[in-house]
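The primary structure of each chain is shown beneath.
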Amino acid sequence: MIHGRLNPVTSKRIVTGFRAAAGGLAVLLVASCAATPPAEADAPSPAAPSVTSSPATPPTPTEATPTESTPTPSESAPPAAGDLAGRVIVIDPGHNRNSNGKFIRHKVPAGNGKSKPCNSTGTATNADYAEHAYNWAQANALAEVLRSRGATVQLTRDNDSGNGPCVNTRATLANTVHADLLISIHADGSFAKRARGFHVILSTVMAGGTRTEHASRLLADQIRSALTTQTGMPRSTYIGKGTALSPRSDIATLNFAKVPAVMMEMGNMRNVKDAAMLTSSAWRTKAAQALADAISAYLG
Ligand SMILES: [Zn+2]
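Computed from a predicted model, the values in this text were never measured in an experiment.

Draft legend 1. Quick peek at the pairing of strand β8 (residues 261-268). With respect to burial, β8 is a largely interior element, eight of its eight residues being buried. The pairing of strand β5 (residues 181-188) with β8 spans six bridges and is classified as parallel. The partner of His-186 across the bridge, within β8, is Glu-265. Judged from the three bridges that link them, strand β6 (residues 199-203) and β8 form a sheet pairing that is antiparallel.

Draft legend 2. Layout of the pattern of salt bridges. Counting across every chain of the model gives eight salt bridges. Put simply, Arg-170 and Asp-92 hold a salt bridge, and the shortest N to O gap is 2.8 Å. Highlighted residues: Arg-170 in the loop between β4 (152-155) and α5 (172-176) and Asp-92 in strand β1 (residues 88-93), separated in sequence by 78 residues. For the pair shown, Arg-170 and Asp-92 are each scored as buried. A salt bridge links Arg-157 to Asp-160; the nearest nitrogen and oxygen atoms lie 2.7 Å apart. Across this residue pair, the class does not change: Arg-157 and Asp-160 are buried.

Draft legend 3. Focus on the nonpolar core. Ranked by internal contacts, the top residues of the largest apolar core, which has 45 residues, are Ile-91, Leu-146, Ile-183, Ile-185, Ile-223, Met-264 and Met-266. The dominant element in this core, judged by the number of residues it contributes, is helix α9 (residues 281-299), at ten residues. Met-264 has contacts with Ile-183, Ser-184, Ile-185, His-186, Ala-187, Phe-198, His-199, Val-200, Ile-223 and Leu-227, leaving out every residue within four places of it along the chain. Counting residues in hydrophobic clusters, the runner-up holds 15 residues, among them Val-88, Ala-174, Ile-251 and Ala-257.

Draft legend 4. Layout of the packing of helix α4 (residues 131-148) against α9. Axis separation between α4 and α9 bottoms out at 8 Å; the angle between their running directions is 55°. As far as their axial angle goes, α9 and α4 are oblique. Viewed along their axes, α4 and α9 form a crossing whose handedness is right-handed. Of the residues in α9, those touching α4 at Tyr-134, Ala-137, Gln-138, Ala-141, Leu-142, Val-145 and Leu-146 are Trp-283, Arg-284, Ala-287, Ala-288, Gln-289, Leu-291, Ala-292 and Ile-295. Residue composition of the contact of α4 with α9, by class: twelve nonpolar, two polar and one charged.

Draft legend 5. Highlighting the confidence of the model for the protein chain. The pLDDT averaged across the protein chain works out to 81; a share of 73% of its residues lies at or above 70. Confidence drops under a pLDDT of 50 for residues 4-74, and excluding neighbours within four residues, the segment shows 121 contacts in the predicted structure.

Draft legend 6. Here's a closer look at the state of the cysteines. Tallied over the full model, the rule gives one disulfide. Disulfide pairing places Cys-118 opposite Cys-166 at an S-S distance of 2.2 Å. With the S-S bond torsion at -90°, the cross-link from Cys-118 to Cys-166 turns out left-handed. Taken together, the residues span a long stretch of sequence, with Cys-118 in the loop between β3 (115-117) and α4 and Cys-166 in the loop between β4 and α5 at a distance of 48 residues. Accessibility expressed as a relative area gives 0% for Cys-118, which makes it buried.

Draft legend 7. How the structure looks around the sheet that holds β4. Strand order in this open sheet of six strands is β4-β1-β5-β8-β6-β7, and the pairing throughout is mixed. Of all the strands in the sheet, just β4 and β7 (245-248) have a single pairing partner and so form its edges. Taking each pair of neighbouring strands and ignoring which way they run, the sheet shows an average axis angle of 25°. Direction of pairing for β6 relative to β7: parallel, over a ladder of four bridges.

Draft legend 8. Summary view of the side chain of Lys-116. In this fold, Lys-116 is placed in strand β3. Buried charged residue Lys-116 carries no salt bridge. Nearest counter-charge: Asp-250, at 4.8 Å. Within the local environment of Lys-116, its side chain forms a polar contact with the backbone oxygen of Asp-250, the two atoms lying 2.6 Å apart.

Criteria and cut-off values
Residues numbered from 1 in each chain as written. Predicted model: local features only at pLDDT ≥ 70, side-chain atom pairs only at ≥ 80, totals over all residues. Heavy atoms only, no water. Buried < 20%, exposed > 50% of the residue type's maximum accessible area, 1.4 Å probe, protein only. Helix = DSSP H or I, 4+ residues; strand = E, 2+ residues; numbered from the N terminus. Pairing = 2+ DSSP bridges. Salt bridge = Lys/Arg side-chain N within 4 Å of Asp/Glu carboxyl O. Core = buried A, V, L, I, M, F, W, Y, C linked by side-chain atoms within 4.5 Å. Contact = heavy atoms within 4.5 Å. Axes fitted to C-alpha atoms, helices over the stretch in contact; angles between N-to-C directions. Parallel < 35°, antiparallel > 145°, perpendicular 65-115°, else oblique. Left-handed = near helix turned anticlockwise from the far one by under 90°. Nonpolar A, V, L, I, M, F, W, Y, C, P; charged D, E, K, R; others polar. pLDDT = per-residue confidence, 0-100. Disulfide = S-S within 2.5 Å. Lys, Arg positive; Asp, Glu negative; His and termini not counted. Polar contact = N/O pair within 3.5 Å; in protein donor to acceptor, adjacent residues only side chain to side chain.

This is how it looks when you write it as structure tokens:
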């Protein structure tokens, strides 16, 4: 869930954001904070060894290539292991535990000429399964699948217990390593009745310019298709008017990206049906597979 910003697409989301805050489960205060450390202080170093991954996995085409009488893989066959060899993918698990409210409320540039809070605590299910924990689990599940296909995967944070990084530095790692793409993982928190489903947020003011925005849209199309056909999570019923796409100018994580980048709202944590999926490790594995298939298709 993203907080404290305007939505050019619909005003409903803003209302739901405030409802979340009213429930005491989200922070969207915008008070400035004078004596806070610089936003970048919490960002992981791009050179940090702990976040690197796995070129060590050799391609094993026999695992995924049928060896029976029909040697030609069907179009719907899963991509062969190793098909992402040489690719660099950055995953941003949205938020963090963010226990230091003063720090996460300090203002940072939003990448659209405005400023916004460093971060927020995110949303939660009605049973208090926190969004940051879901994002962390889903991001790592996705990383595992991508690494099994040969990709080098890096995460924008290397734990789920601290603060930040701030939203204005979430794209820094992807830009620095010239990633093939950046995917930010979130889940939404709308209290609107019958609001459920996933949507993909796209920036209309990316640092990478219109070519990067166009490439991001192609990635979003692949993700939308894969999630719909493979996970059972429907397109959003409350964002994007059935398209499951949400173009916006206020998402700093995407605005600063110079590489193709999308932000996922994987479902609505406040919806009982969505929450049952998001809290299931089996579903998260399925979703990771779908996201990885979309990334393979996009980069293929
Ligand atoms: Zn979020």
